[in-house]
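One letter stands for each residue in the lines below.
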Amino acid sequence: MKKTLSLALIAVFCLLLCSCGGSGSAQSIAEKAARGQLEDDIDAYYSCLAPDYIAYMVGDDGWYSSEDEFKEDIREYNYEDERDYFSEECGEDFTASYNPLNPTEFDEEEYQDIISDLTNNYNYDESSIQDLAQVEVSVTAAGSSGTQRGYKTFSCVKINGKWYIHRPGFDV
């Protein structure tokens with residue numbers, strides 16, 4: 001019994017570790033973020049955020065005193081409009097499909113400017129940043145009132161082998 005319980009706890013722990021960030025690709029983390037936004041799954045979206053960005057935004061020196069306060073602000077001011085748009089255009093019953101497009105390449109100067117911005121303005125640890133990408137996700141929503149397509153761009157940063165998104169985005 002104890003062995004079965006231990007194995008179950010290990011499996012749950014492994015699943016939780018895998019759900020934070022994404023080791024696959026910038027496209028997969030951008031798709032997960034787009035899905036979390038449109039499907040009002042704040043926890044899925046929040047798990048996509050770069051840990052350095054969360055540390056910058058939440059805590060004693062951050063803009064928010066708690067993660068819950070930060071999550072509520074993200075939900076209320078950052079993606080309700082998109083859900084409302086698709087509901088109005090496609091119907092309340094809309095379903096969405098997601099297609100992450102190829103990442104935008106940065107030249108060396110843009111890459112270094114972004115690294116500088118992340119480290120100087122958001123307190124990222126430069127030594128942990130391994131790669132950067134800008135990914136556009138095509139979202140197609142279909143419902144009883146019609147079909148609409150929209151695009152959402154995500155700035156992605158690879159930190160210690162895992163991809164995350166950075167808000168508000170890269171300024172290039």
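This text goes with the structure placed above it.
First, a word on what this report is: a plain description of the structure on this page. Here the structure is a predicted model, which means the values were calculated and not measured.

### Notes on the packing of aromatic side chains
Okay, step 1: The full count for this structure, using the stated rule, is eight aromatic pairs.
Okay, step 2: Between Phe86 and Phe94 the ring centres are 6.0 Å apart and the planes differ by 45 degrees, which places this aromatic pair in the tilted class. As far as the burial class goes, Phe86 and Phe94 line up, both buried.
Okay, step 3: Aromatic ring contacts, followed pair by pair, group Tyr46, Tyr53, Tyr56, Tyr64, Phe70 and Tyr122 into a single cluster.
Okay, step 4: Just above the ring of Tyr46 sits the side chain of Lys71; from NZ or CZ to the centre is 5.0 Å.

### Details of the nonpolar core
Okay, step 1: Core analysis: the biggest nonpolar cluster contains 45 residues, and Leu132 and Cys156 have the highest contact counts within it.
Okay, step 2: When contributions to this core are tallied by element, the ones reaching two or more residues are helix H2 (26–38), helix H3 (42–46), helix H4 (51–57), helix H5 (67–90), helix H6 (108–122), strand S2 (129–143), strand S3 (146–159) and strand S4 (162–166).
Okay, step 3: In terms of residue count, S2 provides more of this core than any other element does, seven residues in total.
Okay, step 4: Setting aside residues no more than four positions away along its own chain, Leu132 makes contact with Phe106, Tyr111, Ile114, Ile115, Leu118, Cys156, Val157, Trp163 and Phe170.

### Quick word on the sheet that holds S4
Okay, step 1: One open sheet holds the four strands; their spatial order is S1-S2-S3-S4, and the pairing between them is antiparallel. The sheet terminates laterally at strand S1 (95–100) and S4, the two strands that pair on one side only. Taking each pair of neighbouring strands and ignoring which way they run, the sheet shows an average axis angle of 35 degrees.
Okay, step 2: Inspection of the sheet shows S2 paired to S3 by 14 bridges, in the antiparallel sense. Bridge pairing in S3 places Ala142 opposite Thr147.
Okay, step 3: Along the sheet, H6 makes contact with S2, S3 and S4, crossing S2 at roughly 90 degrees.

### Structural notes on the pattern of salt bridges
Okay, step 1: The full count for this structure, using the stated rule, is six salt bridges.
Okay, step 2: Note that Arg35 and Glu39 form a salt bridge whose closest N and O atoms lie 3.6 Å from each other.
Okay, step 3: A residue is classified by how much of its surface remains accessible, and Arg35, at 33% relative accessible area, is partly exposed.
Okay, step 4: When its relative accessible area of 46% is taken as the criterion, Glu39 is described as partly exposed.
Okay, step 5: The partner of Asp43 in a salt bridge is Lys71, and the shortest N-O contact between them spans 2.8 Å. In this pair, Asp43 sits in helix H3 while Lys71 sits in helix H5, placing the two residues 28 residues apart along the sequence.
Okay, step 6: The partly exposed category is assigned to Asp43, whose relative accessible area is 46%.
Okay, step 7: On the basis of relative accessible area, Lys71 is assigned to the buried category, the value being 17%.

### What about a negative patch on the surface?
Okay, step 1: Together, Asp81, Asp84, Glu88, Glu89, Glu92 and Asp93 line one region of the surface with negative charge.
Okay, step 2: Structurally, Glu88 can be placed in helix H5.

### Examining the environment of Ile29
Okay, step 1: Mapped onto the fold, Ile29 is located in helix H2.
Okay, step 2: By relative accessible area, which is 1% here, Ile29 ends up buried.
Okay, step 3: Each C-alpha atom, one on Ile29 and one on Pro100, is 9.3 Å from the other, the two residues being 71 residues apart in sequence.

Conventions adopted
- Residues numbered from 1 in each chain as written.
- Predicted model: local features only at pLDDT ≥ 70, side-chain atom pairs only at ≥ 80, totals over all residues.
- Heavy atoms only, no water.
- Phe/Tyr/Trp six-rings, centres within 6.5 Å; stacked < 30°, edge-to-face > 60°.
- Buried < 20%, exposed > 50% of the residue type's maximum accessible area, 1.4 Å probe, protein only.
- Lys NZ or Arg CZ within 6 Å of the ring centre and 35° of its normal.
- Core = buried A, V, L, I, M, F, W, Y, C linked by side-chain atoms within 4.5 Å.
- Helix = DSSP H or I, 4+ residues; strand = E, 2+ residues; numbered from the N terminus.
- Contact = heavy atoms within 4.5 Å.
- Pairing = 2+ DSSP bridges.
- Axes fitted to C-alpha atoms, helices over the stretch in contact; angles between N-to-C directions.
- Salt bridge = Lys/Arg side-chain N within 4 Å of Asp/Glu carboxyl O.
- Patch = residues over 30% accessible without salt bridge, like charges linked within 9 Å, V, L, I, M, F, W, Y side chains within 5 Å.
- Areas by Shrake-Rupley, 256 points an atom, 1.4 Å probe, with all protein chains shown as cover.
- Lys, Arg positive; Asp, Glu negative; His and termini not counted.
- Charge placed at Lys NZ, Arg CZ, Asp CG, Glu CD.

The values reported here are purely geometric and, on their own, carry no functional implication.
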